[in-house]
Amino acid sequence: MRFATWNVNSVKARLPRLLEWLEQTRPDVLCLQETKVAADGFPEREVAALGYETAAYGQGRWNGVALLSRVGLADVRHGFDGEPGFPDPEARAVGATCAGIRFTSVYVPNGRTPEDPHYAYKLAWFAALRDALAAQPGPAVVAGDFNVAPTDDDVWDIKVFAGATHVTAPERAALAALRELGLTDVVPRPLKGDRPFTYWDYRAGMFHQNKGMRIDLVYATADVAAAVRDAVIDREARKGKGPSDHAPVVVDLEPGTPGSPV
DNA sequence: ATGTCCTGTCAAACAGGA
C-alpha cells in the first residue's frame, strides 16, 4: 500500500493541483493538513470521483485536517482525548482505520515564538497527543505537519533559527517522547539535493535556493516502519503554478504487511 | 530577509497568520 501526507495550505485553493496529484500518485491513504474549510466545504464529490472516501475535520478559515482513503475508512475520530485548545479545541487531528492501520493526520500548533502563549500550547498539545497515542493499540501511522525540525540538519541554516521555534530543545523533546512510545521517524529521500526538506517559504525564492525545512513527518509503529519499501518527498508538487508551500511525503509499504489488503 | 500566499471582510485594500 501507498500512503502520503501533505499540508495543502487550503484544499479549495489547491483543488486542481490535489486532483491532478491524486490521479498521478494514487495513494491508498492521504493525510491532509491546513485544509482551511469547514467539513461541509470539503470537496468530497471531487475526490469521490477518483475513488476516495473522506473524513474531514475543519473549522473554516484556519487549521483543518482530513483523511482520504480508497481502502476503507472506519472508526473516524475528530481530535483526541485530553486535546487542549486555545482556549477552544481546534481542528488539528483526525483519525481513522484504513486497511488495518490506524492513521492520524495531525497539524501541530505553530508556536509562533518561544515567548508566545502559542508555544506553551504547542508543547501541551504534543504532550496530550503522546498520552492519547500511548493508549492506542495496533499498527499506526501519525503523519502531518509537526512544525518541528527534528535535527539541526533539518533546516537550511541553523544559525538563522537562533531564538526561533521549530528547533528548540523542548519541541525536539516532544518528538522524542513520541518515539519513546515505539514510533519511528520514517525519513524520506529527497529527490534533489541531500537534505529531506518538505517545506519552503513562498518568499524570496526559498524553494529555488533549496532553503527549506523538514517539518512534515511520518511516525509509524515498528511493524509499519519495518514494512517501508520506500519513502520520498514529491518536490514536483512544490513546483509550477499555484503550489502549496509544503511538498507531499509518499511512503510505499511492502505487500503482505499491515496495511496491505489480505 | 519579513520579499508570498491564503482567507475573510467587503466590494479595494487590509488584517492576520504562516
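Residues numbered from 1 in each chain as written. Chains lettered and ligands numbered in written order. Predicted model: local features only at pLDDT ≥ 70, side-chain atom pairs only at ≥ 80, totals over all residues. Heavy atoms only, no water.

Caption draft 1: Layout of the sheet that holds strand β2 (residues 29–33). Strand order in the open sheet made by the 6 strands is β3-β4-β2-β1-β12-β11, with mixed pairing throughout. With one partner strand each, in any of the chains shown, β3 (53–57) and β11 (228–233) form the two edges of the open sheet. Taken pair by pair, the neighbouring strands of this sheet meet at an average axis angle of 10 degrees, ignoring direction. Pairing of strand β1 (residues 2–7) with β2, which is carried by 5 bridges, proceeds in the parallel orientation. Considered in β2, the bridge of Asn 7 is made with Gln 33. The sheet contacts of helix α1 (residues 15–25) involve β1, β2, β4 (65–69) and β12 (249–253), and relative to β1 the element is tilted by about 160 degrees. (Pairing = 2+ DSSP bridges. Helix = DSSP H or I, 4+ residues; strand = E, 2+ residues; numbered from the N terminus. Axes fitted to C-alpha atoms, helices over the stretch in contact; angles between N-to-C directions. Contact = heavy atoms within 4.5 Å.)

Caption draft 2: Summary view of the UniProt feature "domain: Endonuclease/exonuclease/phosphatase" (unreviewed entry) in chain A. Mapped onto the present numbering, the UniProt feature "domain: Endonuclease/exonuclease/phosphatase" (unreviewed entry) falls at residues 4–246. Between the end C-alpha atoms of residues 4–246 there is a gap of 13 Å, over a span that is 21% helix and 23% strand. (UniProt positions renumbered as here; feature names shortened; annotations may be inferred.)

Caption draft 3: Structural view of the packing of helix α3 (residues 117–134) against helix α4 (residues 169–179). Interhelical geometry of α3 versus α4 gives an angle of 5 degrees and a closest axis separation of 9 Å. In terms of orientation, α3 lies roughly parallel with respect to α4. Across from Tyr 119, Lys 122, Leu 123, Phe 126, Leu 129, Arg 130 and Leu 133 in α3, the residues of α4 making contact are Pro 170, Glu 171, Ala 174, Leu 175, Ala 177 and Leu 178. Partitioned by chemical class, the residues of the contact of α3 with α4 number 10 nonpolar, no polar and 3 charged. (Parallel < 35°, antiparallel > 145°, perpendicular 65-115°, else oblique. Nonpolar A, V, L, I, M, F, W, Y, C, P; charged D, E, K, R; others polar.)

Caption draft 4: Here's a closer look at the UniProt feature "binding site: Mg(2+)" (unreviewed entry) in chain A. Within this structure's numbering, the places UniProt gives as "binding site: Mg(2+)" (unreviewed entry) are Asn 7, Glu 34, Asp 145, Asn 147, Asp 245 and His 246. For the residues just named, distributed over 240 residues, the greatest C-alpha separation is only 13.2 Å, placing them together at one site. With respect to the secondary-structure elements, Asn 7 resides in strand β1. Given a relative accessible area of 0%, Asn 7 falls into the buried group. Leaving out residues up to four positions away in the same chain, Asn 7 has contacts with Gln 33, Glu 34, Tyr 107, Asp 145, Asp 216, Ser 244 and His 246. Inspection of the secondary structure puts Glu 34 in the loop between β2 and α2 (44–48). If we ignore the near neighbours within four places in the chain, the residues touching Glu 34 are Asn 7, Val 8, Asn 9, Ser 10, Val 11, Asn 63, Gly 64 and Tyr 107. (Buried < 20%, exposed > 50% of the residue type's maximum accessible area, 1.4 Å probe, protein only.)

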